[in-house]
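Chain residues, written in single-letter form:
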Amino acid sequence: MNDAVIDIRGLVTRFGSNVVHDGLDLALPAGEVLALVGGSGSGKTTLLRQVIGLLRPQQGQIRVFGQPLFSGDALADRQLRRRFGVLFQQGALFSALNVLENIAFPLRELRWLDRDAINDLVMIKLAMVELEPQHAWLMPAELSGGMVKRVALARALALEPELLLLDEPTAGLDPDRSEAFVTLIRRLRDQLGLTVVLVTHDLDTLAALATQVAVLGERRILAYGPLDHVMKHDHPFIRSFFCAERMSRVLARSGS
Amino acid sequence: MGVPTIAFEMSGQLRIAVLAGDWTLTGLEGRLDALRAQLAAAEAGEIESWNLAAVSRLDSLGASVLWRGWGDRLPERLEADPRTRRMLESAATLGVRRRASAPQSRFGDSVVALGRVGIALWRQLIGMIALTGQMLFDLAAALRRPHDAPLRELSANLYKTGVTALPITALVGFLIGVVLSYLSALQLKTFGADVFIINILGIGIVRELGPVLVAVLVAGRSGSAMTAQLGVMRVTEEIDALTTMGVPATLRLVLPKVLALLAAMPLLVLWTSSSALFGGMVAASIQLDISYGFFLETLPRVVPIANLYIGLGKGLAFGLVIALVACHFGLTVKPNTESLSANTTRSVVSAITCVILVDAVFAIATRHIGMPT
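Residues numbered from 1 in each chain as written. Chains lettered and ligands numbered in written order. Predicted model: local features only at pLDDT ≥ 70, side-chain atom pairs only at ≥ 80, totals over all residues.

## A look at the nonpolar core
Okay, step 1: Counting 95 residues, the largest nonpolar core has A:Leu36, A:Leu165 and A:Val197 as the members making the most contacts within it.
Okay, step 2: In terms of residue count, helix H4 (residues 115-128) of chain A provides more of this core than any other element does, eight residues in total.
Okay, step 3: Apart from residues no more than four positions distant in its own chain, A:Leu165 is found in contact with A:Leu48, A:Val51, A:Ile52, A:Phe84, A:Val86 and A:Val197.
Okay, step 4: B:Ile205, B:Leu213, B:Val321 and B:Ala326 belong to the second largest nonpolar core, which has 58 residues in total. (Core = buried A, V, L, I, M, F, W, Y, C linked by C-beta atoms within 7 Å. Buried ≥ 20, exposed ≤ 12 C-beta atoms within 10 Å, placed from the backbone. Helix = DSSP H or I, 4+ residues; strand = E, 2+ residues; numbered from the N terminus. Contact = placed C-beta atoms within 7 Å.)

## Re the pairing of strand S7 (residues 163-167) of chain A
Residues and elements named next belong to chain A.
Okay, step 1: With five of five residues buried, S7 is to be regarded as a mostly interior element.
Okay, step 2: In S7, alternate side chains face the same way, and those of Leu163, Leu165 and Asp167 on one face and Leu164 and Leu166 on the other are all buried.
Okay, step 3: Bridge count for strand S6 (residues 84-87) against S7 is four bridges, and the pairing is parallel. Along S7, the bridge assignment pairs Gly85 with Leu164.
Okay, step 4: Alignment of S7 against strand S8 (residues 195-199), held across five bridges, turns out to be parallel. In the sheet register, Leu166 faces S8, and the bridge partner there is Leu198.
Okay, step 5: With respect to chirality, the unit in which S7 leads through helix H6 (residues 175-192) into the neighbouring parallel S8 is right-handed. (Pairing = 2+ DSSP bridges. Right-handed = clockwise from strand over helix to strand, strands pointing away.)

## Here we look at the sheet that holds strand S2 (residues 18-29) of chain A
Residue and element names in this part refer to chain A.
Okay, step 1: On the basis of which strands lie adjacent, the open sheet formed by four strands has the order S2-S1-S4-S5 and antiparallel pairing. The open sheet has two edge strands, S2 and strand S5 (67-68), and neither has a second partner.
Okay, step 2: Bridging between strand S1 (residues 4-15) and S2 involves nine bridges; their strand directions are antiparallel. Bridge pairing in S2 links Val12 to Asp22.
Okay, step 3: Running over the sheet, helix H1 (residues 44-52) touches S1, S2 and strand S4 (59-64) and is turned about 60° from S4. (Axes fitted to C-alpha atoms, helices over the stretch in contact; angles between N-to-C directions.)

Geometric values such as these leave the question of function open.
Below you can see the structure in the form of C-alpha cells.
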C-alpha cells in the first residue's frame, strides 16, 4: 500500500511499565473517513497524538503521506505538518487572539501572503464553517461551545490540508449541534476531498461519518474495516460496544 | 501537478484566457503578484471567455485570487469542471464580505476610554471594600462556630507565605544592610561622625526599610501566587464547585490567606530587620572598626522602642493590603488565560503601590513618635 495517507507499522508505545500499543499496524487509504474507537485507556488519543507528531513512538514507524514524521530535516518536517489539520477536543483556540487572528495565524506564519489575501481566505473559511463575518471580531472567550469547534475547524482548514484529524469532534455539544457539526464535516470532506481520522465515543457521529472503523483494544487493532463488517466481529469488547440494540437504534436514527 | 499559469489565445472572434496548473496555496507561493498582474491585464484586455478546464487543482486561495481578479463576479463565459466551479462559488460569498472590517475608531473614543478606566478603577475599589466586608462576616462566622474555621488552610498558608520566605528575606535584608552601612560609612567618615552609623541604620531599617523591603518581596512572592492560584481555580470552575458544596469561597480561600499573612508579616519584618541590622553591623565593624558589642549596646539607646512597634504595625498593615489585593484580583479573573496573566501582573503592581501609599500615611501619622530627642 504505497498510496496510504497514514501508514503505521509495528508501533510500540510505553508509558513507564504501562504498554499502550504493542506492534500496532494500520494503513489508511486516501479519501476514507476512519473512526478510531476503543475503551478508555486503549490509547486512541495517544495514537492520534503520535500521528500528529506530538508524541514519538518508542518503536515502529508512522508514515504520513509516505514520509516519516521525524525525518531529522526541520524544513521537511514543517512542510509535512502543514499538510494536515488538527481539531483539538477543546478547540485550543489562542485565547489572546480574536477569531480572525486565530484563523489567520497559520496563514501569517507562511510569511508570503499579503493582508488582503489572508483576509479573503479567513472570510471564505468562516463561510465554509457557516459562521457570519461579524463573528470574526469576537474573542474565543465570547464564543459558545459549538462556535469554538467551528472556528477551530476553520483554523485547521486554513492551510488547505489533505488530511484532517479530529479528536472527539462532537464531545460537549448538544445532540442538535453535534448533528449539525457532523453534517458540516461531511460536506467539507466531499467538497475538499479530505481524508479524515476521528477519535470518538459517540455512536451517532461514528455511524454518520465513518467509512472505516478501527477498534483499539488489547494493545492493537482488534478489528478494522467498514462499520457493518466490524460490527459482526466476535470480540467481547466489540460486542458490548456496538451492543445490538444500541446500534440498531443509532442506525435507525441515521436512516442508513 | 503544475505551475499555475495564464495564457491568452484567440479562438475565432473570442479572446480567451486559458488557465492551467495548481492554483493552490503551495502552487501559488512566490507567483501570487505576477499572476495578479496578469489577471489585471486580462481584465483590462477585455477577455471574453475563461477556460479553467486545465486547472488541476483549485483551493480557497486560488478561488479568492481569481474572484478578486474578476472584480467580485463570475465571468459570463466560463469553462470549468464542476469541482472547480464549486470552489469558485464558495469564494462568491466574498463579494458581500469584502470589507466587513473591524469597527472603526471614532473621535471621542479616547474620552470614552478614559471614562472606562475611571469606572474600572471605581469598581475595583468597591470590589475591594466588598471583599473586606465579606471577610469580616466570615471571620465572625468562623469565631461563632469554631469548628468551621479553616485552621488547616491557615496553617498551610502560614507555612507557604511565612516559613518558606525566611531564606530569601534574610539574604536580601543582609545585603541591603551591608550596602546601606557601607555607603553611609563613607559619608560619616569624612565628618568623623562614625558612631552615628548606629542611629542611621537603627532608625532607617527598623522603622522604614525593613517593613517596605519585606512587603515588596512578599507581594512579588506570595501575592502573585495567591492571585494565580485563585485565578486558576476560577478558570477551572473549582470555586464554583466549592460554592455548590456550601463552602463559601471567601471563608475557605480568602480568609486563611489574609489571616496567615497578617500573622506572618510582622514576624517576617522582625526577621528581615534583624538580618539587615546584622549585615550593617558586619559592614560597620569592617569599615569603621565599630565592635559588635558596642553596636549592640548602643542600638537600644539611640533607637526608641516605639520605632520597633511602628515597624511591626506597618508589617501588619502591609500584610493585610497585600493579601486583600491579591485575593481581589484572583477572584476577578475571567475564564481565559489572557485575563489570568493580566490580573497577576495587576495584583503585584497594585499591591506594591498600595504598600507605598500606606507607608506614606504611616510616615505622616507617626511623625512625632519615636524620634530620638
